[in-house]
Amino acid sequence: ALVRRWGEAEPLFRELLEESPESPAYLGYLGWVLASQGKTSEAEGIRERIGSLGLEFRRRGDGYIGQAAISTALDDRDRAIRELQDALATGQGFDIWTIWAPWFTPLHDDPRYQRFVAPK
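A brief structural summary. (Residues numbered from 1 in each chain as written. Predicted model: local features only at pLDDT ≥ 70, side-chain atom pairs only at ≥ 80, totals over all residues. Heavy atoms only, no water.)

1. Concerning the overall build of the protein
No. 1: Per the secondary structure count, the protein includes 8 helices and 0 strands.
No. 2: Scanning the protein from its N terminus toward the C terminus, one meets helices and strands in the order α-α-α-α-α-α-α-α.
No. 3: Long-range contacts, defined as pairs at least 24 residues apart, comprise 56% of the intrachain contacts of the protein with a sequence gap of at least 6.
No. 4: Accessible surface computed for the protein: about 6,500 Å², of which carbon and sulfur atoms make up 53%. (Helix = DSSP H or I, 4+ residues; strand = E, 2+ residues; numbered from the N terminus. Contact = heavy atoms within 4.5 Å. Areas by Shrake-Rupley, 256 points an atom, 1.4 Å probe, with all protein chains shown as cover.)

Given below as structure tokens:
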């Protein structure tokens, strides 16, 4: 997925989800891959599925980050920023990988995103 080999990544994430169907991380990756391929409806469904998980699942498994990655790939910047704000508000931190991961590249020029990554 990180090298944009969507057709190979999709079945791998589907297989991982069969083993761990409530994994927010796997859901987020699959949703990002689907959105990146233009599979909008399915990606939106995955994003909503993450949202239906309990708070602890979303926090523990990067669920908010996954939702924001899907929203970014769907070109819904406002929602992606809100989901990142939710992540911070619930105690989920950003590490260097989260900040510079390829799923957020489209947000790098957004001043709201730049405030997230600015040194404090």
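2. Structural notes on the packing of aromatic side chains
No. 1: Counted under the stated rule, the structure contains 5 aromatic pairs.
No. 2: Aromatic side chains Trp6 and Trp32 sit 5.1 Å apart centroid to centroid with 85 degrees between the ring planes, which places their arrangement in the edge-to-face category. Pair noted here: Trp6 is in helix α1 (residues 6–19) and Trp32 is in helix α2 (residues 24–36), with a separation of 26 residues, a long-range link.
No. 3: Using a relative accessible area of 14% as the deciding quantity, one classes Trp6 as buried.
No. 4: A residue is classified by how much of its surface remains accessible, and Trp32, at 5% relative accessible area, is buried.
No. 5: Consider the rings of Phe104 and Tyr113, whose centres lie 6.0 Å apart with planes at 40 degrees: the pair is tilted. The same class applies to Phe104 as to Tyr113, namely buried.
No. 6: Three or more aromatic residues link up through ring pairs in this structure, and these residues are Trp6, Phe13, Tyr29, Trp32 and Trp103. (Phe/Tyr/Trp six-rings, centres within 6.5 Å; stacked < 30°, edge-to-face > 60°. Buried < 20%, exposed > 50% of the residue type's maximum accessible area, 1.4 Å probe, protein only.)

3. So, the packing of α2 against helix α5 (residues 63–73)
No. 1: Put simply, α2 and α5 touch, their axes get as near as 8 Å, and they point 0 degrees apart. Our classification of the angle between α2 and α5 gives roughly parallel. Each of Pro24, Leu27, Gly28, Gly31, Trp32, Ala35 and Ser36 in α2 lies in contact with α5, whose residues at this interface are Gly63, Gly66, Ala69, Ile70 and Ala73.
No. 2: Here the residues of the contact of α2 with α5 sort into 7 nonpolar, 5 polar and no charged. (Axes fitted to C-alpha atoms, helices over the stretch in contact; angles between N-to-C directions. Parallel < 35°, antiparallel > 145°, perpendicular 65-115°, else oblique. Nonpolar A, V, L, I, M, F, W, Y, C, P; charged D, E, K, R; others polar.)

4. Thoughts on the nonpolar core
No. 1: Counting residues in hydrophobic clusters, the biggest one holds 31 residues, and the most contacted among them are Ile46, Leu84, Trp103, Phe104, Leu107 and Tyr113.
No. 2: Among the secondary structure elements, those contributing two or more residues to this core are α1, α2, α3 (40–52), α5, α6 (77–89) and α8 (111–117). (Core = buried A, V, L, I, M, F, W, Y, C linked by side-chain atoms within 4.5 Å.)

5. Some points on unusual backbone geometry
No. 1: The phi dihedral of Arg4 falls on the positive side, at around 65 degrees, and the residue is not glycine.
No. 2: Positionally, Arg4 belongs in the segment before α1.
No. 3: Of note, Asp75 is a non-glycine position whose phi angle comes to about 60 degrees, a positive value.
No. 4: Here Asp75 is to be found in the loop between α5 and α6.

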